[in-house]
Number of protein chains: 4
Amino acid sequence: MNKVLLTGFDPFGGETINPAWEVVSRVHRRKTFPELQVEARQIPTVFTTSIEVLRQAILEVQPDVVICVGQAGGRSDIALERVAINLNDARIPDNEGNQPIDEPISEQGPAAYWTSLPIKSITARLRKGGIPASLSQTAGTFVCNHLFYGLQHMIATEFPGIRGGFIHIPYLPIQTAQKPQIPSMSLETMVEAIEIAVIASVQHDRDIIASEGQLH
Amino acid sequence: MNKVLLTGFDPFGGETINPAWEVVSRVHRRKTFPELQVEARQIPTVFTTSIEVLRQAILEVQPDVVICVGQAGGRSDIALERVAINLNDARIPDNEGNQPIDEPISEQGPAAYWTSLPIKSITARLRKGGIPASLSQTAGTFVCNHLFYGLQHMIATEFPGIRGGFIHIPYLPIQTAQKPQIPSMSLETMVEAIEIAVIASVQHDRDIIASEGQLH
Amino acid sequence: MNKVLLTGFDPFGGETINPAWEVVSRVHRRKTFPELQVEARQIPTVFTTSIEVLRQAILEVQPDVVICVGQAGGRSDIALERVAINLNDARIPDNEGNQPIDEPISEQGPAAYWTSLPIKSITARLRKGGIPASLSQTAGTFVCNHLFYGLQHMIATEFPGIRGGFIHIPYLPIQTAQKPQIPSMSLETMVEAIEIAVIASVQHDRDIIASEGQLH
Amino acid sequence: MNKVLLTGFDPFGGETINPAWEVVSRVHRRKTFPELQVEARQIPTVFTTSIEVLRQAILEVQPDVVICVGQAGGRSDIALERVAINLNDARIPDNEGNQPIDEPISEQGPAAYWTSLPIKSITARLRKGGIPASLSQTAGTFVCNHLFYGLQHMIATEFPGIRGGFIHIPYLPIQTAQKPQIPSMSLETMVEAIEIAVIASVQHDRDIIASEGQLH
C-alpha cells in the first residue's frame, strides 16, 4: 500500500489559523482513498526545526510521497511550486523569533532543487476538476521555501526513493473576511485539491509535457 | 409570512454558467428559512427585457424584499451595491445583441437611486460569518446596473412597500480554472452569503451606522 | 480668452505630498497654452470647507471650465470621473478631523450629478498621446467625491455657464517607493495628461460617442 | 576606467517596442558618468541566440559589470532579480518561433545561479531616489531567465572577473494606453533607475544586509 505524508504549518504572521494545516488534517481524517495510507503532520513555522520535524515524520511514516503544504496569503489559486532555492531571507520573524537574512539553508547544498512531484499532471487534473491552479517559480524566502528545500535535500541525500514537493494554497474565506479585496478559497475546494494532488502524485511517475511557464 | 424574491441572470460574456443563477436557485431549493417564502427567478441578460421580466416576477410573487444578484467577474468578495445610476454604456453586446452607449435607462428618472437594502448590516453579518464582503459604489454600466436601477425605479414609482437592492458576487472556481490569477468563491460560500443577506434584509428595517466608504 | 480653473488637494491620509496639487500647480506655471488663462488653486482636504474654497476660487477666476483633480492611491491610470453621488462616508478623518458617515452632501440636491467634461474625448486624446486613461463610475465617498458633487451642484444652481468635472490621478513614484507593488505615474506624464484634458475640455462642447462602460 | 555593458531585448509578444531597449539605449547615449564607459547592446528575444549575442558583446566590450534588462509586463516597479534557474518553459514562441518546454538551459550547469549584482544596495538607492523597486525571486521561464542564466553561467565558466545580473522593468505608459488597469513607468524614471543601478553596481563590491524576502 502506498503511503503519503502530508504536512501543514501552524499559524504565523498574526493569523490564528493556517489553511495548510486545516486542509491536510481533513484529508488525513477523510480517508477518501482506501488503497492509500495518508498521514498528516503539523510542522512548526520555524527555521531549521521545521526540517527536523519533517525528518522525524518521514522516518516514522516511511512514505512513498511527501507533499508539504503552505499558506500563500493573497494568491487566488492552488500553486504548484517548481523550485526551492538555497536561501533564507525572512521579512518577518518565524514563530520562535528567528529572522535570518541572506543565509544559505545548506552550506553544502546546491543553489536550488526541483520538485519531484508531477506538477503539470496535478495542475491539469485540478483544472479538469474545476479548481483554479497554476505553476509557481518561487516559494518565497521564508519557512515555506526553507522546508521545501530541506525536503528535497533530504530526498537527495537520505531518502532517495521518495517523491516530494510543495504546494501553496490561498487564505480561507474566514481569514479575509476583514481584509478587503484579498482572494480566498473554501476549505472544501482546497481539501479536494490536495486529494487530487495526492492521487496524481501516486499515479504519475513521469510528468506530462505542457507549457506552463511565465514570461517574467 | 415574509416573501423574498431573488433573481439571477443567465450566462453572458462567453461564460456557460452564471454564478448568480446557480446561487439563487439553490437558495430557493434549500428552503433554509421556514418562516420565509423565498422565490428565485432567472432574468435574461438583456437591456429593457430584464426589467420587464423582473416586473412580472414582482407582480407574481408579491415580495416584501427583492434582491437581484449578478456576476462580478474578477472580484474576490461579496459586493453590496450602494447606488444605481441612470445610464447604459455597454462594453459588450447583451444576450440579444443590444449595445447601448450613453443612454439613460429612464428618460424621466433621477440620475441615481440608493439601494433600500440594509447593506451595512448585511456586510457586518457576512464578515461575522467568515465571508469576505464589502460595499461597492458602482454596479457598472451594463445590464446589472440597468436592472438595479430598474428595480429601484419600480419601487419608487410602482411598488412603494418593497425593500430592494443588488448584490454582486465573484466567479465560481470552475469559471476561473482556466483563467490564471482571477479570484473565485465557492458555491457553498455564496449560497450561505445570500441566505445571510436574505435574513438581514427581512430583519433590519433600518441599517446600522458603520464607516464603509472608499477614498476614491 | 477662455479661462480654466484647476484645483488640487493638500496632502491627506499620512502622505506628505498630494500629486494633484503637484500636477495642477505645474500646469499653472508652465503656461503651455498662450490662448488660455489657466489658474490653479489648492483645496483643503476637508468636508464642506473644500466646497467653499472652490466657490471663492470660481468667483475670483470666473472660469469657463473647472477641473478638480484628486489622488487615487493604487490606481495605475488617469481616471475620468463620470458621476458624483450625494453622500459622505469617510473611511478616515479629513484634515480637520471630520468623519461623516452616510450623510448627504446637499439635503436638497439630487442623488447624483454627471460630469459636464467631455470625458470620452479626453480619454481618447490621452490614449492617442500614449497616456493610460479610463472612465470611472465612482469617485469614492470621501472628500474627492464631496468636492466633485459640490462643483456640479454649484454649476447647476449658481454658475450655469461653467463646464466642470473631476479627474483622479495615481500616486507619484516617490510615494510608492516604500509601498511594494503599488502603481504610480510620473509627474511629467500627469502634467501632460492634465494639459490634454484642459485643451479637450475647452474645445469639445459635445462629447464623442464611444463605448467605455464597465460590466460591474 | 570601469566598463559597463547594458543589454535590452528587441520587442516580443506582440509589442512594437521593448522598454528595456528604449531605456538602455538612452543610458548609453546620455553618458551621465564621465568616469565610466557604458555600452548598450540589443539582444534578440530568441533562445540560445540571445546568449551567443551576449557572449560576443562581452568579448567586444570587455566589461567589468553586465546588467541585462528585460520587460516585465504588468509589474509596477523595478525588479532586481535574485536567481536564475536552469529551465526553459516558453508560454509563447520566441521571436524565431522556438517554444521549448521543460528543457534545461545547460545540460551540465547547476539548477540555479545567484545574481552577482549588489541588488539590495541598488534597491535601497532606488527607493532613496524616489523610485519604486523590489527584489524578485523569479525571472520567469522565458528568454529573460534564459539570458540571465546564460550570463551567470558564462561568468562562472568563462569570465570570472565580471559582476552581472538581471533587472526587470515595467511597461512604458504608451504600451498600456490601450490596456486598462495595467501599471507602467515613464521612460525618464526608468533611465534614472538603470543609471542608479549602474553606479551602485560599480561601487559596491559587497551587498548590504537588509531584509527583502518574500513570505511565498
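Not measured: the values here are computed from a predicted model.

Reading the values: the criteria
Residues numbered from 1 in each chain as written. Chains lettered and ligands numbered in written order. Predicted model: local features only at pLDDT ≥ 70, side-chain atom pairs only at ≥ 80, totals over all residues. Heavy atoms only, no water. Contact = heavy atoms within 4.5 Å. Buried area = accessible area lost by both parts, 1.4 Å probe. Polar contact = N/O pair within 3.5 Å; in protein donor to acceptor, adjacent residues only side chain to side chain. Helix = DSSP H or I, 4+ residues; strand = E, 2+ residues; numbered from the N terminus. Nonpolar A, V, L, I, M, F, W, Y, C, P; charged D, E, K, R; others polar. Salt bridge = Lys/Arg side-chain N within 4 Å of Asp/Glu carboxyl O. Least-squares fit on C-alpha atoms with pLDDT ≥ 70 in both. Expected span 1.5 Å × (residues − 1). Buried < 20%, exposed > 50% of the residue type's maximum accessible area, 1.4 Å probe, protein only. Pairing = 2+ DSSP bridges. Axes fitted to C-alpha atoms, helices over the stretch in contact; angles between N-to-C directions. UniProt positions renumbered as here; feature names shortened; annotations may be inferred. Disulfide = S-S within 2.5 Å. Parallel < 35°, antiparallel > 145°, perpendicular 65-115°, else oblique. Left-handed = near helix turned anticlockwise from the far one by under 90°. 1 Å grid on protein atoms, 1.4 Å probe; cavity = no way out; pocket = protein on both sides within 12 Å on 5 of 7 lines; lining within 4 Å. Points joined across faces, edges and corners; volume = space filled by probe spheres on them.

(A) Expanded view of the interface of chain B and chain A. Facing the 19 residues of chain B at the interface are 19 residues of chain A. Surface buried jointly by chain B and chain A totals about 1500 Å² across both partners, of which 49% is contributed by carbon and sulfur atoms. Connecting chain B to chain A are 4 residue pairs in polar contact (both at pLDDT 80 or more). A total of 3 residues in the side of chain B that touches chain A trace back to one element, the largest contributor, which is helix α5 (residues 173–176) of chain B. Of the residues that constitute the side of chain B that touches chain A, the class distribution is 7 nonpolar, 9 polar and 3 charged.

(B) A look at the interface of chain C and chain B. The partner chain B presents 36 residues to the 36 residues of chain C that form the contact. For the pairing of chain C and chain B, the buried interface totals around 3000 Å² over both sides, and the portion due to carbon and sulfur atoms is 61%. Its largest share of buried area at the contact with chain B, chain C owes to Arg 91, Leu 215 and His 216 of chain C, together 24% of the area lost on that side. Counting across the chain C and chain B interface gives 8 salt bridges. For Asp 102 of chain C, the salt bridge goes to Arg 82 of chain B, with nearest N and O atoms at 2.9 Å. Viewed at the interface, chain B and chain C are joined by 20 residue pairs in polar contact (both at pLDDT 80 or more). Taken together, the elements giving at least two residues each to the side of chain C that touches chain B come down to β5 (83–85), β7 (101–103) and β8 (112–114) of chain C. Grouping the constituent residues of the side of chain C that touches chain B by class yields 16 nonpolar, 13 polar and 7 charged.

(C) Looking closely at the relation of the copies chain C and chain B. Laying chain C over chain B is done by rotating through 180 degrees and shifting 0.0 Å along the axis; what remains is an RMSD of 0.0 Å. When the rotation and shift are considered jointly, the pair of chain copies conforms to a two-fold rotation axis. Interface overlap between copies: 100% of the residues of chain C at the interface are likewise at the interface in chain B, consistent with a symmetric, same-surface contact.

(D) Highlighting the relation of the copies chain B and chain A. For these two chains of identical sequence, chain B goes onto chain A by a turn of 180 degrees and a shift of 0.0 Å along the axis, with RMSD 0.0 Å. Taken together, the interface assignments show that 100% of the residues at the interface of chain B recur at the interface of chain A, consistent with an identical surface on both copies.

(E) How the structure looks around helix α1 (residues 19–30) of chain B. All names here are of chain B. Here α1 is 12 residues long and its end C-alpha atoms lie 16 Å apart, about the 16 Å a rise of 1.5 Å per residue gives. If you check which residues of α1 are buried, you get Pro 19, Ala 20, Glu 22, Val 23, Val 24, Ser 25 and Val 27. Buried positions along α1 lie against β1 (2–9), β2 (36–43), β3 (65–71), β10 (163–169), α5 and α6 (187–203). Looking at where α1 begins, the residue whose side-chain oxygen comes 2.8 Å from the main-chain nitrogen of Ala 20 is Asn 18. Lys 31, located one to two residues past α1, shows a positive phi value of around 50 degrees.

(F) Main features of the side chain of Asn 145 of chain C. All names here are of chain C. Examined against the element boundaries, Asn 145 turns out to sit in helix α4 (residues 143–157). Of the residues examined, Asn 145 reaches a relative accessible area of 0% and is grouped as buried. Within polar-contact distance, the side chain of Asn 145 engages the backbone oxygen of Ile 85 at 2.8 Å. Apart from the residues within four sequence positions on either side, Asn 145 is in contact with Val 83, Ala 84, Ile 85, Leu 87, Ile 105, Ala 139 and Gly 140.

(G) Region of the structure containing the sheet that holds β10 of chain B. Residues and elements named next belong to chain B. Strand order in the open sheet formed by 6 strands is β2-β1-β3-β10-β4-β9, and the pairing between neighbours is mixed. Edge positions in the open sheet fall to β2 and β9 (133–136), since each of these has one partner strand only. Shown here is a sheet whose adjacent strand axes are inclined to one another by a mean of 25 degrees, direction ignored. Direction of pairing for strand β4 (residues 78–81) relative to β9: parallel, over a ladder of 4 bridges. The residue of β9 that forms the bridge with Ile 78 is Ala 133. Those strands touched by helix α3 (residues 119–128) are β4 and β9, and its axis lies near 160 degrees from that of β9.

(H) Representation of the UniProt feature "active site" (unreviewed entry) in chain A within the structure. Residue and element names in this part refer to chain A. Under the UniProt annotation, the feature "active site" (unreviewed entry) is placed at Glu 81, Cys 144 and His 168. Across 88 residues of sequence, these annotated residues stay compact in space, with a maximum C-alpha separation of 10.4 Å. Here Glu 81 is to be found in strand β4 (residues 78–81). Relative accessible area serves as the criterion here: at 1%, Glu 81 is assigned to the buried category. Not counting residues within four places of it along the chain, the set of residues in contact with Glu 81 comprises Thr 115, Ile 119, Ser 136, Gln 137, Thr 138, Ala 139, Phe 148, Phe 166 and His 168. Side-chain polar atoms of Glu 81 contact the side chain of Ser 136, separated by 2.9 Å.

(I) Representation of the state of the cysteines in the model. Residue and element names in this part refer to chain B. Tallied over the entire structure, the rule returns 0 disulfides over all chains. For the unlinked cysteine Cys 68, the closest cysteine sulfur is that of Cys 144, found at 9.5 Å. For Cys 68, a relative accessible area of 0% corresponds to the buried category.

(J) Looking closely at the packing of α3 of chain B against α6 of chain B. Residues and elements named next belong to chain B. Running from amino to carboxyl end, α3 crosses α6 at an angle of 140 degrees, the nearest separation of the two axes being 9 Å. Here α3 lies oblique to α6, going by the angle between them. α6 is crossed by α3, and the crossing has right-handed handedness. From α3, Ile 122, Arg 125 and Leu 126 reach across to α6, where they touch Ala 193, Ile 196, Ala 197, Ile 199, Ala 200, Ser 201 and Gln 203. When the residues that make up the contact of α3 with α6 are grouped by side-chain class, the tally is 7 nonpolar, 2 polar and 1 charged.

(K) Examining helix α6 (residues 187–203) of chain A more closely. Along its 17 residues, α6 of chain A runs 24 Å from first to last C-alpha, staying within 8% of the 24 Å computed at 1.5 Å per residue. Among the 17 residues of α6 of chain A, 13 are classified as buried, and the element is accordingly described as predominantly covered.

(L) Structural view of unusual backbone geometry. All names here are of chain D. One non-glycine residue, Lys 31, adopts positive backbone phi at about 50 degrees. The topology assignment puts Lys 31 in the loop between α1 (19–30) and β2 (36–43). Among the residues examined, Lys 31 registers a relative accessible area of 61% and is labelled exposed. If you check the backbone angles, Thr 48 has positive phi at about 70 degrees while not being a glycine.

(M) Representation of empty space enclosed by the protein in the model. Taken as a whole and assessed by the stated rule, the structure comprises 3 cavities of 30 Å³ or more. By volume, the largest cavity is sized at about 40 Å³. Lining the largest cavity, in full, are Pro 180 of chain A, Arg 127, Ala 133, Ser 134, Leu 135, Glu 212 and Gln 214 of chain B together with Arg 91 of chain C. Ranked by the residues each element gives to the lining of the largest cavity, the list is headed by β9 of chain B, at 3 residues. A breakdown of the residues in the lining of the largest cavity according to their chemical character gives 3 nonpolar, 2 polar and 3 charged.

(N) Region of interest: the sheet that holds strand β10 (residues 163–169) of chain A. All names here are of chain A. The 6 strands are arranged β2-β1-β3-β10-β4-β9 in an open sheet whose pairing can be described as mixed. Lying at the two open borders of the sheet, with one neighbouring strand each, are β2 (36–43) and β9 (133–136). Each adjacent strand pair in this sheet contributes to an overall mean axis angle of 25 degrees, direction not counted. Running at roughly 155 degrees to β2, helix α1 (residues 19–30) makes contact with β1 (2–9), β2, β3 (65–71) and β10 of the sheet. Relative to the sheet, helix α3 (residues 119–128) contacts β4 and β9, its axis offset from that of β9 by approximately 160 degrees.

(O) Inspection of the pairing of strand β10 (residues 163–169) of chain C at higher detail. All names here are of chain C. Within β10, 6 of the 7 residues are buried, leaving the element largely enclosed by the surrounding structure. Relative to β10, strand β3 (residues 65–71) is paired through 7 bridges, and the arrangement is parallel. Bridge pairing links Val 65 to Arg 163 in β10.

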